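An overview of the molecular structure
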Amino acid sequence: FFIFIIFSGLVFAFAGAPFYKEPVKLNYLERVGLIEATEVHLSAKISERIIDLPVGEGDRVEADALVVRLDDEEMKAEVSQAEANVRRGEAELLNVEAKIAREKVALKEAKRNLERFSRLRKEALVSISELDRAQTLVDLGNAELNAEKAALHSAKADLMERQAHLRLVQVRVKEGMITTPISGVVTLKAFEVGEMVSPGVTILAIIDPRSIWARVDLDEGEVGKIRLGSRAEISVVSMKERSFEGRVTEIGEAGGFATQRDTTRGKQDIKTFRIKIRITSPTGLLKAGMTAKVRIFLKDDALESQMDSTQ
């Protein structure tokens, strides 16, 4: 009977003790991040008045579409004036080139006369003064030709300056026509037709909903657990029943802010690294700025070792 009581007590004690459960080893990291997308901010390079702004917030635009046009009447007048200046410069250059051609002919004739008078002088058929006059005409011809060559150099430099000014005002006209470099949706329209804009101030913001990703931060001790191409799942609060597939496409090279600072002078700061997970099949449901829960599946070390051994 005593033995039975001891045995029953042991059974009771064993039954009442909690079972030890080995902690579940998760095969993923889960973090809260932010949905981001390719976004451009369009602004003017010149200060001018808007005369056409054919898009509004929420509108879809295609790449290279004209979305803002600034007042270009004054700039077009400058282009016309610059084109006229270029034509005058070209005419001046042609005029100098023609003068050079005439001076070369005259100089060639003067040199032939000098040679003829030199032969005649040897036979005493002309005077020394006549020979000197022939030499003077050659010297004058050389001087005039050199002067025209200098004028040609100046005319070419002047024409280049006029052409450069023409290109400058042509660029200014193009700067008055602002196009979008990407296809996307207008998310911000900061000005209306008739308003003045200053250089660098955003007029429109456009987001490409097809180029979308999630950003999360991982501690430096966790970065080694994932790799480029790691599979991920993204979900947002507004769509609890749905998740989106993604792949890790970027792992930050440099550490960002520290999640733990060294306060004992014996430990290192724990830095974070930014991770980019691109949505593999964007549907347009995810919007930039949404808070996202991101689950990144860890790399399989056994599989990695097997793949390394086969290489």
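Residues numbered from 1 in each chain as written. Predicted model: local features only at pLDDT ≥ 70, side-chain atom pairs only at ≥ 80, totals over all residues. Heavy atoms only, no water.

Remarks on the pairing of strand β4 (residues 66–70)
Pairing of strand β2 (residues 48–52) with β4 involves 2 bridges; the strand directions are antiparallel. When the bridges of β4 are listed, Asp 52 appears paired with Arg 69. (Pairing = 2+ DSSP bridges. Helix = DSSP H or I, 4+ residues; strand = E, 2+ residues; numbered from the N terminus.)

Topic: the nonpolar core
Residues Ile 50, Val 68, Ile 203 and Leu 204 are the most contacted members of the largest nonpolar core, which totals 40 residues. Of all the secondary structure elements, the ones that give two or more residues to this core are β1 (28–43), β4, α2 (73–122), α3 (128–175) and β8 (202–219). The dominant element in this core, judged by the number of residues it contributes, is α2, at 11 residues. Ignoring any residue separated from it by four or fewer positions in sequence, one finds Ile 203 in contact with Leu 42, Ser 43, Ala 44, Ile 50, Leu 53, Val 68, Ile 178, Leu 188, Lys 189, Ala 190, Phe 191 and Val 197. (Core = buried A, V, L, I, M, F, W, Y, C linked by side-chain atoms within 4.5 Å. Buried < 20%, exposed > 50% of the residue type's maximum accessible area, 1.4 Å probe, protein only. Contact = heavy atoms within 4.5 Å.)

Examining the environment of Thr 179
Within the secondary structure, Thr 179 is located in strand β5 (residues 177–179). In sequence terms Thr 179 and Val 67 are 112 residues apart; their C-alpha atoms lie 5.5 Å from each other. Those residues in contact with Thr 179, other than ones at most four positions away along the chain, are Leu 42, Asp 64, Ala 65, Leu 66 and Val 67.

Looking at the pattern of salt bridges
Per the counting criterion, the structure on display carries 16 salt bridges. Arg 60 is the partner of Glu 62 in a salt bridge, and the nearest nitrogen-oxygen pair spans 3.8 Å. Notably, a salt bridge pairs Glu 192 with Lys 189, separated by 3.5 Å at the nearest N-O pair. Ionic contacts of the salt-bridge type, sharing partners, join the residues Glu 36, Arg 215, Asp 217, Glu 250 and Arg 274 into one network. (Salt bridge = Lys/Arg side-chain N within 4 Å of Asp/Glu carboxyl O.)

So, the sheet that holds strand β7 (residues 196–197)
The 4 strands lie next to each other as β5-β4-β2-β7, forming an open sheet whose pairing is antiparallel. Either end of the sheet is taken by a strand with one partner, and the two such strands are β5 and β7.

Considerations on the side chain of Ser 211
Looking at the element boundaries, Ser 211 is found in strand β8. Non-local contacts of Ser 211, meaning those with residues more than four positions away in its chain, are made with Glu 36, Ala 37, Thr 38 and Arg 278.

Let's talk about the packing of aromatic side chains
For the coordinates displayed, the defined rule picks out 1 aromatic pair. On the basis of an interplanar angle of 70° and a centroid distance of 6.0 Å, the ring pair of Tyr 28 and Phe 297 is categorised as edge-to-face. Here Tyr 28, found in strand β1, pairs with Phe 297, found in strand β13 (residues 291–297); they are 269 residues apart in sequence, far enough to count as distant. If you follow Lys 276 out to its NZ or CZ, it ends over the ring of Trp 213, 4.0 Å from the centre. (Phe/Tyr/Trp six-rings, centres within 6.5 Å; stacked < 30°, edge-to-face > 60°. Lys NZ or Arg CZ within 6 Å of the ring centre and 35° of its normal.)

Notes on the environment of Thr 280
Here Thr 280 shows up in the loop between β12 (270–279) and β13. The exposure class of Thr 280 is partly exposed, given its relative accessible area of 43%. Taking the C-alpha atoms as reference points, Thr 280 and Ile 212, 68 residues apart in sequence, are found 9.0 Å from one another. If we ignore the near neighbours within four places in the chain, the residues touching Thr 280 are Glu 245, Gly 246 and Arg 247.

Some thoughts on the pairing of β8
Of all 18 residues in β8, 13 are buried, a share of seventy percent or more. Two strands pair when backbone bridges link them, and β1 and β8 are joined in this way by 10 bridges, in the antiparallel orientation. Within β8, the residue paired with Ile 35 across the bridge is Ala 214. In this structure, strand β6 (residues 184–189) lies alongside β8, joined through 4 bridges in antiparallel fashion. Considered in β8, the bridge of Leu 188 is made with Ala 205.

Things to note about α3
The terminal C-alpha atoms of α3, which comprises 48 residues, lie 71 Å apart, in line with the 70 Å expected from a rise of 1.5 Å per residue. Buried residues of α3: Ala 134, Val 138, Gly 141, Leu 145, Glu 148, Leu 152, Ala 155, Leu 159, Leu 166, Val 169 and Val 173, and no others. Against the buried residues of α3 lie α2 and β5. (Expected span 1.5 Å × (residues − 1).)

Observations concerning the packing of α2 against α3
Where α2 contacts α3, the axes come no closer than 7 Å and their chain directions differ by 165°. Classified by the angle between their axes, α2 and α3 sit roughly antiparallel to one another. In the packing of α2 onto α3, the handedness of the crossing is left-handed. Among the residues making up the contact of α2 with α3, the classes are represented as 24 nonpolar, 9 polar and 18 charged. (Axes fitted to C-alpha atoms, helices over the stretch in contact; angles between N-to-C directions. Parallel < 35°, antiparallel > 145°, perpendicular 65-115°, else oblique. Left-handed = near helix turned anticlockwise from the far one by under 90°. Nonpolar A, V, L, I, M, F, W, Y, C, P; charged D, E, K, R; others polar.)

A short note on the environment of Asp 208
Along the chain, the position of Asp 208 falls in strand β8. In this view, Asp 208 contacts Ala 37, Thr 38, Ile 182, Ser 183 and Gly 184; residues no more than four positions away in its chain are not counted.

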